[in-house]
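Residues per chain are reported as follows:
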Amino acid sequence: MSDLDISVVICVYTEDRWEDILAAVSSVRAQSRPALETLLVVDHNPALLDRLSKEYKEVEEVRVLANAGPRGLSAGRNTGIAAAGGEVIAFLDDDAVAEREWLRRFAEGYADPRVMAVGGRTMPIWASGRRPAWFPEEFDWVVGCTYRGLPPGLVRVRNVLGGNASFRRTAFDAAGGFATGIGRDGDKRPLGCEETELCIRLTRARPDAILLIDDRAVIHHRVPEAREHFGYFRTRAYAEGLSKALVARSVGADKGLESERRYATRVLPAGVVRGLRDAVLARPGGAGRAGAIVAGVLTAAGGYVVGSVRARKGGATFSVVGIEGGSQ
């Protein structure tokens, strides 16, 4: 197993998630393989910055920082990367908790020096207590979780998923940081794909790079009640289409949509068939799941078309910045 030091970055933005933030930090501090440090990066919220600074004033391994860049998740992550002292930098969502072996599984992946990133499996914690009957597992990415269609085990992938991921510091030296202007910005439209764009950029800068997902590196991610409804499902799918258009514009459609083609041509049709079969067998939610898959595909496709037009006209852009060396 790799003996590299691991820094954990948790980006936060609202006091509404106070208890979730504390739980996320506690889960890192309880790891079987201790983190070098936990960095809480606060996104332009002075009240939350002050409150967290007081909360962890006496906790040496937890550091609270202000986002040094523009508002948004990408700039917050870049702030954490720049401040981190670890040779590996892991990212955990502020509304998630990591299982005890999370960092140990990440560390094992870096035994091969060609491995530049290791991601894990993210499981939903539904606010209602259980998955809505109509919500297809093929679309769990809508709520930031691992979705049906990703291969199980320890596998090589095009990109890791940002809320449960780790990178060697040298990956950022080679490729730069997360692109700003493409991902989340507080409570605005739920864009994404910043980790996809980074991973593609990384493998272009380092053609020998290996990116892995180890589904034993597990976190549990809260899904608030508002995200259990079809309205959010549709909004998030549309935003994903917008984001994918930006990525494809940057890195080319061949690479930018490589994994999505398999997903759209194999995984989703199988999901529709499964849902219709369940409907015939009178199983709850079967028709709803099939319908949601079709609606999700059409909505994401619509977002992609709109995003592509905007990108061609220069109305949607993002930027990549270099990352300064880490410090303790």
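What comes next concerns the included structure.

Each value, and the rule that gives it
- Residues numbered from 1 in each chain as written.
- Predicted model: local features only at pLDDT ≥ 70, side-chain atom pairs only at ≥ 80, totals over all residues.
- Heavy atoms only, no water.
- Salt bridge = Lys/Arg side-chain N within 4 Å of Asp/Glu carboxyl O.
- Helix = DSSP H or I, 4+ residues; strand = E, 2+ residues; numbered from the N terminus.
- Phe/Tyr/Trp six-rings, centres within 6.5 Å; stacked < 30°, edge-to-face > 60°.
- Buried < 20%, exposed > 50% of the residue type's maximum accessible area, 1.4 Å probe, protein only.
- Expected span 1.5 Å × (residues − 1).
- Axes fitted to C-alpha atoms, helices over the stretch in contact; angles between N-to-C directions.
- Parallel < 35°, antiparallel > 145°, perpendicular 65-115°, else oblique.
- Left-handed = near helix turned anticlockwise from the far one by under 90°.
- Contact = heavy atoms within 4.5 Å.
- Core = buried A, V, L, I, M, F, W, Y, C linked by side-chain atoms within 4.5 Å.
- Pairing = 2+ DSSP bridges.
- Right-handed = clockwise from strand over helix to strand, strands pointing away.

**Focus on the pattern of salt bridges**
So, point 1. Summed over the entire model, instances satisfying the criterion amount to 24 salt bridges.
So, point 2. Its salt-bridge partner being Arg216, residue Glu108 comes within 3.4 Å of it at the nearest N-O pair. Remark: Arg216 occurs in strand S9 (residues 210–223) and Glu108 occurs in helix H4 (residues 102–109); sequence separation between them is 108 residues.
So, point 3. Each of Arg105, Glu108, Asp214 and Arg216 takes part in salt bridges that share partners, so that together they form one network.

**So, the packing of aromatic side chains**
So, point 1. One pass over the full model with this rule turns up 16 aromatic pairs.
So, point 2. Judged by centre distance (5.5 Å) and plane angle (90 degrees), the ring pair of Phe91 and Phe178 falls under edge-to-face. Here Phe91, found in strand S4 (residues 88–92), pairs with Phe178, found in the loop between helix H5 (169–175) and helix H6 (194–205); they are 87 residues apart in sequence, far enough to count as distant. Note on accessibility: Phe91 and Phe178 belong to one class, buried.
So, point 3. Arranged with centres 5.6 Å apart and planes meeting at 20 degrees, the rings of Phe230 and Phe233 form a pair that is stacked.

**Details of H6**
So, point 1. For H6, with 12 residues, the first-to-last C-alpha span of 16 Å sits near the 16 Å given by 1.5 Å per residue.
So, point 2. The element H6 is largely enclosed, with a buried count of 9 among its 12 residues.
So, point 3. Restricting attention to buried positions, one finds in H6 the residues Glu194, Glu195, Thr196, Glu197, Leu198, Cys199, Ile200, Arg201 and Leu202.

**Some points on the packing of helix H1 (residues 18–29) against helix H2 (residues 46–55)**
The geometry of a pair of packed helices is captured by two quantities: the angle between their axes and the separation between those axes.
So, point 1. Two numbers describe how H1 lies on H2: the axes approach to 13 Å, and their chain directions differ by 40 degrees. Taken together, the axes of H1 and H2 are oblique relative to one another. When the axes of H1 and H2 are compared, the crossing they make is right-handed. Facing H1, whose interface residues are Trp18, Ile21 and Leu22, H2 presents Leu48, Arg51, Leu52 and Glu55.

**Regarding the nonpolar core**
So, point 1. Counting residues in each nonpolar core, the largest one holds 34 residues, and the members touching the most others are Ile10, Leu40, Leu52, Leu92 and Trp102.
So, point 2. The leading source of residues in this core is H1, at 6 residues.
So, point 3. Residues within four places of Ile10 in sequence aside, it is in contact with Ala24, Val25, Val28, Thr38, Leu39, Leu40, Val41, Leu92, Asp93 and Asp94.
So, point 4. Counting residues in hydrophobic clusters, the runner-up holds 28 residues, among them Ala83, Met116, Ala117 and Val157.

**Quick notes on the pairing of strand S3 (residues 62–66)**
So, point 1. Pairing between strand S2 (residues 37–42) and S3: 5 bridges, direction parallel. In the strand pairing of S3, Thr38 is matched with Val62.
So, point 2. Between S2 and its parallel partner S3, the chain crosses via H2, and the hand of that crossover is right-handed.

**Section: the pairing of strand S1 (residues 6–12)**
So, point 1. Counting buried positions along S1 yields 7 of 7 residues, so the element is predominantly enclosed.
So, point 2. Of the two faces of S1, the one holding Ile6, Val8, Ile10 and Val12 and the one holding Ser7, Val9 and Cys11 are both buried throughout.
So, point 3. With 4 bridges joining them, S1 and S4 adopt parallel strand pairing. From the neighbouring strand, Ile6 faces S4, where its bridge partner is Val88.
So, point 4. Crossover S1 to S2 through H1 is right-handed.

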